[in-house]
Amino acid sequence: MNDRVPAPGGLALIQDLVNTLDIETGADALDTEKGREAFGLTQEEAEPARELRESLRVACLAHGGHAPHRSVTPLHRLLAEAPLLVTVDATDGSASLAPADPHALVSRVAAAIAQAHADGTWPRLKACEAPDCHWVYYDRSPAGRGRWCSMAVCGARAKMRRYRAK
């Protein structure tokens, strides 16, 4: 959808998951075997992944100060089902959270959010404010005030609409 650099670390998993749905066209990569395979999902796991995806989109919209795009299961409820383990590196003693089941998508997402929260990057994962887009991107702007997934597309459209409304 855009040419932004992918999100760092585990946030790339969340970015990729949320962006499996193109809101404008309705195309859902989780409808395809290849799209599910990218996340290690079976066809039966696709619906819970969609629910997780939309709850993540709401969180990313909130990072930009935007209201939910629709009613969803609160993200904390979905993540409560994600067992995590505290791992300690034997060489330097550093600790981190890891998924108890590395194959469970919700556990991988929970671990990614926990790590991103710890390093301060979680709030920079945002959803484009354009209602027909909501594509998730990592806001690398110095002030962290990015609004659109792409200035060339969504940003330009918004500015043109504002100009025409004057």
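The structure contained in this document is the topic of the report that follows. (Residues numbered from 1 in each chain as written. Predicted model: local features only at pLDDT ≥ 70, side-chain atom pairs only at ≥ 80, totals over all residues. Heavy atoms only, no water.)

All right, on to the packing of helix α3 (residues 46–63) against helix α5 (residues 105–119) then. For any two helices packed against each other, one specifies the crossing angle of their axes together with the interaxial distance. Their axes nearest at 10 Å, the elements α3 and α5 cross at an angle of 20°. With respect to each other, α3 and α5 are oriented roughly parallel. The chirality of how α3 crosses α5 is right-handed. Residues Ala49, Leu52 and Leu56 of α3 lie in contact with α5, whose contacting residues are Leu105, Val106, Val109 and Ile113. A per-class count over the contact of α3 with α5 returns seven nonpolar, no polar and no charged. (Axes fitted to C-alpha atoms, helices over the stretch in contact; angles between N-to-C directions. Helix = DSSP H or I, 4+ residues; strand = E, 2+ residues; numbered from the N terminus. Parallel < 35°, antiparallel > 145°, perpendicular 65-115°, else oblique. Left-handed = near helix turned anticlockwise from the far one by under 90°. Contact = heavy atoms within 4.5 Å. Nonpolar A, V, L, I, M, F, W, Y, C, P; charged D, E, K, R; others polar.)

Looking now at the environment of Leu11. In this structure, Leu11 sits in helix α1 (residues 11–18). Once the C-alpha coordinates of Leu11 and Val109 are considered, the two residues, 98 residues apart in sequence, prove to be 8.2 Å apart.

All right, on to unusual backbone geometry then. At His134, a residue that is not glycine, the phi angle is positive and equals roughly 55°. Along the polypeptide, His134 turns up in the loop between β3 (125–127) and β4 (136–138). Given the relative accessible area of 9%, His134 is considered buried. (Buried < 20%, exposed > 50% of the residue type's maximum accessible area, 1.4 Å probe, protein only.)

Let's shift gears to the pattern of salt bridges. Per the stated rule, a full pass over the model turns up seven salt bridges. Asp31 is the salt-bridge partner of Arg50, the closest N and O atoms lying 2.5 Å from each other. Of the two residues, Arg50 sits in helix α3 while Asp31 sits in the loop between α1 and α2 (33–37), which places them 19 residues apart along the sequence. Judged by relative accessible area, Arg50 falls into the buried class, the value being 15%. In this structure, Glu47 and Arg50 form a salt bridge, with 3.3 Å as the shortest nitrogen-oxygen distance. With Glu47 and Arg50 both in helix α3 and three residues apart, the pair spans about one turn of that helix. Here the salt bridges share partners, and the residues they tie into one network are Asp28, Asp31, Glu47, Arg50, Arg53, Glu54 and Arg57. (Salt bridge = Lys/Arg side-chain N within 4 Å of Asp/Glu carboxyl O.)

On to the pairing of strand β2 (residues 95–99). Across five bridges, strand β1 (residues 84–88) lies against β2 in antiparallel orientation. Bridged to Val86 within β2 is Leu97. Remark: six residues form the turn of the hairpin made by β1 and β2, two consecutive strands paired antiparallel; Gly93 in that turn has positive phi of roughly 75°. (Pairing = 2+ DSSP bridges.)

Viewed as axis vectors pointing N to C, α1 and α3 meet at an angle of 110°, and their least axial separation amounts to 9 Å. Our classification of the angle between α1 and α3 gives roughly perpendicular. Of the residues in α3, those in contact with Ile14, Leu17 and Val18 of α1 are Ala49, Leu52, Arg53, Leu56 and Arg57. Of the residues in the contact of α1 with α3, the class split is six nonpolar, no polar and two charged.

Let us now look at α3. Over its 18 residues, α3 extends 25 Å from the first C-alpha to the last, a length consistent with the 26 Å expected when each residue adds 1.5 Å. When you tally the buried positions in α3, you get 13 out of 18 residues, the bulk of the element. Looking one or two places after α3, you find Gly65, whose phi comes out positive at around 85°. (Expected span 1.5 Å × (residues − 1).)

Counted as a void, the largest pocket has a volume near 270 Å³. Glu45, Pro48, Ala49, Leu105 and Val106 are the residues nearest the centre of the largest pocket, which is lined by 14 residues in total. Residue assignment for the lining of the largest pocket shows that the elements contributing at least two residues are α3 and α5. Looking at the lining of the largest pocket element by element, the count peaks at four residues for α3. Along the lines of polarity and charge, the residues of the lining of the largest pocket split into eight nonpolar, two polar and four charged. (1 Å grid on protein atoms, 1.4 Å probe; cavity = no way out; pocket = protein on both sides within 12 Å on 5 of 7 lines; lining within 4 Å. Points joined across faces, edges and corners; volume = space filled by probe spheres on them.)

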